[in-house]
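Descriptive structure summary
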Amino acid sequence: GDSVTQMEGPVTLSEEAFLTINCTYTATGYPSLFWYVQYPGEGLQLLLKATKADDKGSNKGFEATYRKETTSFHLEKGSVQVSDSAVYFCALWATGGGNKLTFGTGTQLKVEL
Amino acid sequence: KAGVTQTPRYLIKTRGQQVTLSCSPISGHRSVSWYQQTPGQGLQFLFEYFSETQRNKGNFPGRFSGRQFSNSRSEMNVSTLELGDSALYLCASSTVLAGPNEQFFGPGTRLTVL
């Protein structure tokens, strides 16, 4: 079945450091890929998405590129801020996958001054 | 435009009781999905409704059920609560009939089973 694998957290960085959160997926066909962010006590917010191979999603300084050859969708940001502290979820929507998102386990990011 | 709203935000129940959670989607959205979030299992899909019909169901026991009304509002019910049902229940709504789409999530209902 479809699955998403994310790097274990927590990830602790200093402000202005470079961020990478790895995400790989297994799915049949050509899924759409998403990154969601969850701040403490809140629901999920869509951060960015990519719907086909080689697409780059970007938002608020975050980027991720859909790499079909490596089945990956790694999240990157050049300079993190304390306000980026949250849990980040990689997810896929598979074609013919039953109208649902399949999520990774989430990666907690802590950014310190 | 108002976002997805869920009520109540917090709920405490005891084992064996039943509970009903409510979700109001964004105006114009006809698809509503429910997810369960726990520290151990992460985010898991419960079910999805479109135009009052359940289109897809996740791998949960029959104690978990849902419905959607003609105004697209949705409820989910859990009967005979177990300790393991303690979780954050998230509702998400979207516009399109099928295919990759953007789901907008509500803040969730935090259910604690004692």
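To be clear, the structure that these remarks concern was listed above.
Residues numbered from 1 in each chain as written. Chains lettered and ligands numbered in written order. Predicted model: local features only at pLDDT ≥ 70, side-chain atom pairs only at ≥ 80, totals over all residues. Heavy atoms only, no water.

**A few points about the overall build of chain A**
Our working rule: What counts as a helix is a DSSP run of H or I of at least four residues, what counts as a strand is a run of E of at least two, and both are numbered from the N terminus. For the radius of gyration, the atoms used are the C-alpha atoms, and the globule rule reads 2.2 Å times the number of residues raised to 0.38. Buried residues are those whose accessible area, probed at 1.4 Å on protein chains only, stays under 20% of the maximum for their type, while exposed residues exceed 50% and partly exposed ones sit between those limits. What makes two residues a contact is simply this: any of their non-hydrogen atoms within 4.5 Å. In this description, accessible areas are obtained by the Shrake-Rupley approach with a 1.4 Å probe, and a residue is regarded as covered only by the protein chains that are shown.
The number of helices and strands found in chain A is zero helices and twelve strands. When the helices and strands of chain A are listed from N to C terminus, the series reads β-β-β-β-β-β-β-β-β-β-β-β. In summary, chain A has a C-alpha radius of gyration of 14 Å against a globular reference of 13 Å for 113 residues, a match within 12%. If one aligns the C-alpha atoms of chain A with their principal axes, the spans along those axes are about 45 × 30 × 20 Å. Expressed as a percentage of the 113 residues in chain A, the buried residues total 45%. Of the contacts made within chain A by residues no fewer than 6 positions apart, 57% connect residues no fewer than 24 positions apart. Counting only carbon and sulfur atoms, one obtains 47% of the accessible surface of chain A, whose full area is about 5300 Å².

**Quick word on the packing of aromatic side chains**
Spelled out, the test is: In summary, the pairing rule links any two rings of Phe, Tyr or Trp, Trp by its six-membered ring, whose centres are within 6.5 Å, and it sorts them by plane angle into stacked for under 30 degrees, edge-to-face for over 60 and tilted for everything else.
Applying the stated criterion to the full structure yields twelve aromatic pairs over all chains. Members of the aromatic cluster, each reached through a chain of ring pairs, are A:Phe34, A:Tyr36, A:Phe89, A:Phe103, B:Tyr35, B:Phe45 and B:Phe105.

**Quick look at the side chain of A:Thr102**
Note on placement: A:Thr102 falls in strand β11 (residues 102-103). Ignoring anything within four residues of it in the chain, the contact list for A:Thr102 reads A:Asp2, A:Ser3, A:Val4, A:Cys90, A:Ala91 and A:Leu92.

**Considerations on the side chain of B:Glu48**
Spelled out, the test is: For the purposes of these results, a polar contact is taken to be a pair of N or O atoms within 3.5 Å, where, inside protein, one atom must be able to donate a hydrogen and its partner to accept one; residues adjacent in sequence count only when each atom of the pair is a side-chain atom.
Position of B:Glu48 relative to the elements: it lies in strand β5 (residues 42-50). B:Glu48 sits in the buried class, given a relative accessible area of 1%. Within the structure, B:Glu48 has its side chain in polar contact with the side chain of B:Ser31 (distance 2.7 Å). Within the local environment of B:Glu48, its side chain forms a polar contact with the side chain of B:Arg55, the two groups lying 2.6 Å apart. Setting aside chain neighbours within four positions, we find B:Glu48 in contact with A:Asn99, B:Ser31, B:Val32, B:Ser33, B:Thr53, B:Gln54, B:Arg55 and B:Asn56.

**Overview of the interface of chain B and chain A**
How we decide: Buried area is understood as the total, over both parts, of accessible area removed when two parts are fitted together, assessed with a 1.4 Å probe. Any carboxyl oxygen of Asp or Glu that lies within 4 Å of a side-chain nitrogen of Lys or Arg is treated as forming a salt bridge with it. All amino acids are sorted into three groups, where Ala, Val, Leu, Ile, Met, Phe, Trp, Tyr, Cys and Pro are nonpolar, Asp, Glu, Lys and Arg are charged, and the leftover types, Gly among them, are polar.
Counting residues at the interface gives 21 residues for chain B and 18 residues for chain A. Note on chain B versus chain A: buried area summed over both sides is about 1500 Å², and carbon and sulfur give 56% of it. Note that B:Glu102 and A:Lys49 form a salt bridge whose closest N and O atoms lie 3.9 Å from each other. Put simply, the parts of the chain that give the side of chain B that touches chain A at least two residues each are β4 (31-38), β5, β6 (53-57) and β9 (87-94) of chain B. Here the residues of the side of chain B that touches chain A are counted per class, giving ten nonpolar, seven polar and four charged.

**Considering the environment of B:Ser22**
Residues and elements named next belong to chain B. Within the secondary structure layout, Ser22 lies in strand β3 (residues 19-24). For the pair Ser22 and Gly66, spaced 44 residues apart in sequence, the C-alpha separation works out to 9.7 Å. Ignoring anything within four residues of it in the chain, the contact list for Ser22 reads Thr5, Gln6, Thr7, Trp34, Arg73, Ser74 and Glu75. Here Arg73 takes part through its side chain, which lies 2.9 Å from a polar atom of the side chain of Ser22.

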